[in-house]
There are 2 protein chains.
Amino acid sequence: MSTDIMAEVIEKAKRARRAAPRLAVLSRAEKDLILRAFADALEEQKDLVIEANARDVAAAQARGISPALVDRVILTDTRIAEMAEGLRMIADLPDPVGEVIHGWRLPNGLEITKVRVPLGVVGVIYESRPNVTVDATGLCLKAGNATLLRGGSDAVNSNLALVRVLQQAGAEVGLPEGAVEIIETTDREAAAQLMRLNEYVDVLIPRGGAGLIQRVKNESTVPVIETGVGNCHVYVDASADLDRAEEIVVNAKCQRPGVCNAAETLLVHRDVAADFLPRVGKRLAELGVELRACPRSRPYLEGAKAATQEDWATEFLDLILAVKTVDDVAEAIEHIGAHGTMHSEAIVTGDLSAARRFTREIDAAVVYVNASTRFTDGGQFGFGAEIGISTQKLHARGPMGLPELTSYKYVAIGDGQVRS
Amino acid sequence: MSTDIMAEVIEKAKRARRAAPRLAVLSRAEKDLILRAFADALEEQKDLVIEANARDVAAAQARGISPALVDRVILTDTRIAEMAEGLRMIADLPDPVGEVIHGWRLPNGLEITKVRVPLGVVGVIYESRPNVTVDATGLCLKAGNATLLRGGSDAVNSNLALVRVLQQAGAEVGLPEGAVEIIETTDREAAAQLMRLNEYVDVLIPRGGAGLIQRVKNESTVPVIETGVGNCHVYVDASADLDRAEEIVVNAKCQRPGVCNAAETLLVHRDVAADFLPRVGKRLAELGVELRACPRSRPYLEGAKAATQEDWATEFLDLILAVKTVDDVAEAIEHIGAHGTMHSEAIVTGDLSAARRFTREIDAAVVYVNASTRFTDGGQFGFGAEIGISTQKLHARGPMGLPELTSYKYVAIGDGQVRS
């Protein structure tokens, strides 16, 4: 590894580490003031940001990357206004730090409280979307954490410009030095280095595609919160209200197909396959959805292709839906257990026992009964903001808001208690 | 890596993985029945266990390991009775699984509950104490998890005998196959392999010395809960009640010096150093404590050695105490920040503002005011049982009981809600 890259990563991480204790004791008023200063500065200096962004967009186009990917990089007046609005929304949220989660008194009189505290230094490794730079920084700051960013090369100029705006605006209203740091080297080595800095970084959150997340998970010795990959299912039970089922399947697949909480596979109970599949198939076809079906489903679905084994395991993120007919709720649960990613899973049913079994046995962040998988989202859940959707079981699961960016400590107050 | 070792580790991990969903849906009554059967079987078959243990002890003695280490391996009637009692105590604790942590209703009528669920497969990597085999299995089972054990070579025969007793007793009362597995190879390769099995293992808990914990933390791609290392401090403030301070320091150092929540460094405010150090020094010397003091403290401590830089960072786990005089609470906080391990830290003070500052600024699992650090313990905290003391900030911090061996899922119940 090049010495220069190592030196930069370590220096930034150290700066963030030094800022962490100062951030931990900021009051809500101080943090909200900084967040609003961030928002104002972004709007005031949007031309500077858009200029930097234009260089990224030109470079991306010159490299011939797809228009969809270029779109992820582009910043407009509207997008900058949205980022600023996001920061003001975070300022409006209650401060998670200092919350007494619970407390009790020991028989010897020692009074213990469990108090919410920041995590410390949060590393964020992300790909092309420059809005992550601002969103992640805002959320981490409100939760009292230092933010150590490492964005992708596609948006490097935009990210650096954004961070400079935040750093300058923050410095004027009391943001501790080192509270927001960005690693400028977009080399893979820089990310690899960051993933081994247990001494300075408390947690890493990867934001991006499955490849990035897998790499961070495999290489990082810093604790990781895994986010995002969703191979979600909707299971239509024998007792389902089929009108309701149709709306739920269409919504889960089509309302926004490119996101992690969209459905990728439809499972249908064999008793309703003949009734349900033709009608839902027609509706989906009209909406441009390509169907890939199992041998038992295919006769009911005009124009459907044969599903391959790989289709069951694929997060299409597109207008494609795999379809399988199952014998019963047990087979649905088994299929989801074998192919799901523990993100969001739904059953449509009128049967209480099927609903109870599905919610108990399905191992996923969010399990739905008679609702679309698309609700797995911090905003929809009422969290006010979201840093990502965790698909792991340690620390946080499902939509992560401000409390999920914190830890806790116990404070024990006595009058001379000793252990006998 | 040898194919045989790989094959064994993977096979055991797969068996545990398959058992996890069956364990997750066991009722409290079913789990408690198994725990009590474990306890009865241990007592009934104690001769078989003690026989296996005798082979471990003989082998350890033949290798010439220290009597203190041999003592860790030895199992007696009393120690087996204690393990059985521990299992019955776990049976008496409430079931953490199924607890509704909280719940709310969205504006669209969707009802969301956050429900406690098992983690899945918990891997435990430990050293010489065979009681970990039984304690960890009991706690994991009660929390609905499969247990995948990997003990040290010193106690291999004891561990295998214990696991066989548990497996057989469990099988008769409904314990799913694979719920308790032990990797028989004590080779380092087996542990290394286990640390990469993200597909089958949800979390790894190392139990043992600093070296083991460091190795697991560095090598594991499976999420780790770091336990145990405690370089704990007691800070005696200018306003401290010195009688109280003396009792707390003596208790924190001497009540059980070999454990992680014992104090390793005494910090004293300069204004009380001349009063406090001679008296506490005399008392500690009588109790056989070796003192290693800074230049400002040494004149007040008869017979104290000069402390080295290394002493500030050392977890002595012995009757040794480092002593430093500081200018104020700020210097105490700074010293603890530089040398502490985020375990347990205490201030003795009568001053509210010093107490508030210390509890806010010290970054540790448990921060004490006017009490001994020795209370950092699941039993003392009233948790009923403890799998270890976490010194990390992600997932769990401080004493970990049954709830810390769980995750949660969201269950969302609706009547056809779709996202607009």
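Visitor: Help me get a handle on the overall build of chain A, residues and values and all.
Guide: Counting its secondary structure elements, chain A contains 15 helices and 16 strands. Here the C-alpha radius of gyration of chain A, 24 Å, is about what a compact globule of 420 residues would show, namely 22 Å. C-alpha atoms of chain A, sized along the principal axes, occupy 70 × 65 × 40 Å. Taken across its 420 residues, chain A has 55% of its residues classed as buried. For chain A, long-range pairs separated by at least 24 residues make up 72% of all intrachain contacts whose partners lie at least 6 apart in sequence.

Visitor: Now, about the domain arrangement of chain A: what can you tell me, with residues and values included?
Guide: Residues and elements named next belong to chain A. One can read the domain layout of chain A as domain 1 (3-226 + 396-413) and domain 2 (232-379). Distance from the C-alpha centre of domain 1 to the C-alpha centre of domain 2: 35 Å. Between domain 1 and domain 2, the contact holds 5 residues from the first and 5 residues from the second. Of the residues contributing to the side of domain 1 that touches domain 2, the split by class is 2 nonpolar, 2 polar and 1 charged.

Visitor: Let's hear about the sheet that holds strand E5 (residues 180-182) of chain B: which residues, and what values?
Guide: Residue and element names in this part refer to chain B. Pairing is parallel across the open sheet formed by 4 strands, whose spatial order is E5-E4-E3-E6. This sheet does not close on itself; its edge strands, each paired only once, are E5 and strand E6 (203-207). Neighbour-to-neighbour, the strand axes of the sheet open up by a mean angle of 20°, direction not taken into account. Where strand E3 (residues 121-126) lies against E6, 5 bridges are found, and the strand directions are parallel. For Gly123, the partnering residue across the bridge sits in E6 and is Leu204. Running at roughly 160° to strand E4 (residues 146-150), helix H6 (residues 131-142) makes contact with E3, E4, E5 and E6 of the sheet.

Visitor: Before we move on, can you summarise the pairing of strand E1 (residues 100-105) of chain A with the specific residues and values?
Guide: The two faces of a sheet get side chains in turn, since along a regular strand they alternate between them. Residues and elements named next belong to chain A. Summarising burial for E1: 0 of the 6 residues are buried, a small minority. Strand direction decides the pairing type here: E1 and strand E2 (residues 111-118), joined by 5 bridges, are antiparallel. Within E2, the position partnered with Gly103 by the bridge is Thr113.

Visitor: Give a description of unusual backbone geometry that names residues and reports values.
Guide: Residues and elements named next belong to chain A. Positive phi, close to 75°, is recorded for His395, a residue that is not glycine. With respect to the helices, strands and loops of the structure, His395 is situated in the loop between strand E14 (388-390) and strand E15 (398-400). Residue His395 is classed as buried on the basis of its 22 C-beta neighbours within 10 Å.

Visitor: Tell me what's going on with the confidence of the model for chain A, and back it up with residues and numbers.
Guide: Averaged over every residue, the pLDDT of chain A is 95; residues scoring 70 or more account for 100%. Scored as a whole, the predicted complex attains pTM 0.93, and scored at its interfaces, ipTM 0.94.

Visitor: Before we move on, can you summarise the environment of Leu93 of chain B with the specific residues and values?
Guide: All names here are of chain B. Take Leu93: it is sitting in the loop between helix H5 (77-92) and strand E1 (100-105). For the pair Leu93 and Glu30, spaced 63 residues apart in the sequence, the C-alpha separation amounts to 14 Å. When neighbours within four sequence positions are excluded, Leu93 is seen to be in contact with Lys142, Gly384, Ala385 and Leu402.

Visitor: How would you summarise the nonpolar core if you had to cite specific residues and measurements?
Guide: When a protein is soluble and globular, its nonpolar side chains tend to lie buried together. Counting residues in each nonpolar core, the largest one holds 274 residues, and the members touching the most others are Phe38 and Val234 of chain A together with Phe38 and Val234 of chain B. When neighbours within four sequence positions are excluded, Phe38 of chain B is seen to be in contact with Leu87, Gly138, Leu166, Ala169 and Gly170 of chain B.

Visitor: Can you lay out the pairing of E4 of chain B for me, pointing to particular residues and giving the numbers?
Guide: Residue and element names in this part refer to chain B. Most of E4 sits inside the fold, with 5 of its 5 residues counted as buried. Taken together, the 5 bridges between E3 and E4 define a ladder with parallel strand orientation. Paired with Gly123 across the bridge in E4 is Leu148. Where the polypeptide runs from E3 across H6 and back to E4, its parallel neighbour, the crossover connection is right-handed. Examined bridge by bridge, E4 and E5 share 3 bridges and lie parallel to one another. Within E5, the position partnered with Thr147 by the bridge is Val180.

Visitor: Could you give me a rundown of the relation of the copies chain B and chain A, with the residues and numbers involved?
Guide: Overlaying chain B with chain A gives an RMSD of 0.0 Å, the required rotation being 180° about an axis along which the chain moves by 0.0 Å. Within this description, the copies of the chain are treated as partners about a two-fold rotation axis. No C-alpha of chain B approaches the rotation axis more nearly than that of His395 of chain B, which lies at 1.8 Å. The overlap is high: 100% of the interface residues of chain B also sit at the interface in chain A, so the same surface is used on both sides.

Visitor: Give me the lowdown on helix H6 (residues 131-142) of chain A, citing residues and values where you can.
Guide: All names here are of chain A. Here H6 contains 12 residues, and its C-alpha end-to-end distance of 17 Å stays within 8% of the 16 Å for a straight helix at 1.5 Å per residue. Of all 12 residues in H6, 11 are buried, a share of seventy percent or more. Listing the buried residues of H6 in full gives Val132, Thr133, Val134, Asp135, Ala136, Thr137, Gly138, Leu139, Cys140, Leu141 and Lys142.

Visitor: Can you lay out the interface of chain B and chain A for me, pointing to particular residues and giving the numbers?
Guide: How big an interface is tends to be stated in terms of accessible area lost as the parts join. Taken together, the 58 residues of chain B in the interface contact 58 residues of chain A. Of all the secondary-structure elements, those providing two or more residues to the side of chain B that touches chain A are helix H9 (210-219), helix H10 (242-254), helix H14 (352-361), strand E13 (366-371), helix H15 (378-381) and strand E16 (406-417) of chain B. Counting residues per element, the side of chain B that touches chain A draws most heavily on E16 of chain B, which supplies 11 residues. Taken together, the residues of the side of chain B that touches chain A sort by class into 26 nonpolar, 19 polar and 13 charged. With 5 bridges joining them, strand E13 (residues 366-371) of chain A and E16 of chain B adopt parallel strand pairing. Note that in E16 of chain B the partner of Tyr368 of chain A across the bridge is Ala412 of chain B.

Visitor: Please give an account of the environment of Ala210 of chain A that cites residues and values.
Guide: All names here are of chain A. You can see Ala210 is positioned in helix H9 (residues 210-219). Judged by the 15 C-beta atoms lying within 10 Å of it, Ala210 is partly exposed. When the C-alpha atoms of Ala210 and Glu315 are compared, they prove to be 9.5 Å apart, with 105 residues separating the residues in sequence.

Basis of the calculations
Residue numbering note: each chain is counted from 1, following its sequence as written. Here chains are named by letter from A upward and ligands by number from 1 upward, in the order in which they appear as written. Only residues with pLDDT of at least 70 get local features here, since the model is predicted, and only at 80 or more are side-chain atom pairs given and counted; chain-wide, interface and lining totals rely on the full set of residues. Elements are defined by DSSP. Helices are runs of H or I of four residues or more, strands are runs of E of two residues or more, and each kind is numbered from the N terminus. Restricting the calculation to C-alpha atoms gives the radius of gyration, and the globule rule supplies 2.2 Å times the number of residues raised to the power 0.38. Exposure classification rests on a simple neighbour count of other C-beta atoms within 10 Å of a residue's own: a residue reaching 20 or more is buried, one at 12 or fewer is exposed, and one in between is partly exposed. C-beta atoms are placed from the backbone. Any two residues are considered in contact once their C-beta atoms, placed from the backbone, lie within 7 Å. Each domain's extent is set by a domain assignment, obtained either automatically or from a database. Gly falls in the polar group here, along with every residue not listed as nonpolar (Ala, Val, Leu, Ile, Met, Phe, Trp, Tyr, Cys, Pro) or charged (Asp, Glu, Lys, Arg). One requirement defines pairing of two strands: DSSP has to find at least two bridges between them. The convention used is that axes are lines fitted to C-alpha atoms, helices contributing only their stretch in contact, and that angles between N-to-C directions extend from 0 to 180 degrees. pLDDT: the predictor's confidence for each residue, scored from 0 to 100. Here a nonpolar core is just a set of buried residues of the types Ala, Val, Leu, Ile, Met, Phe, Trp, Tyr and Cys, joined wherever their C-beta atoms sit within 7 Å. Orienting the strands away from the viewer, one traces the path from the first strand over the helix to the second; a clockwise path indicates a right-handed crossover. We place the copies in one frame by least squares, fitting the C-alpha atoms of every residue whose pLDDT is at least 70 in both. The span you would expect from a helix comes to 1.5 Å times its residue count less one.

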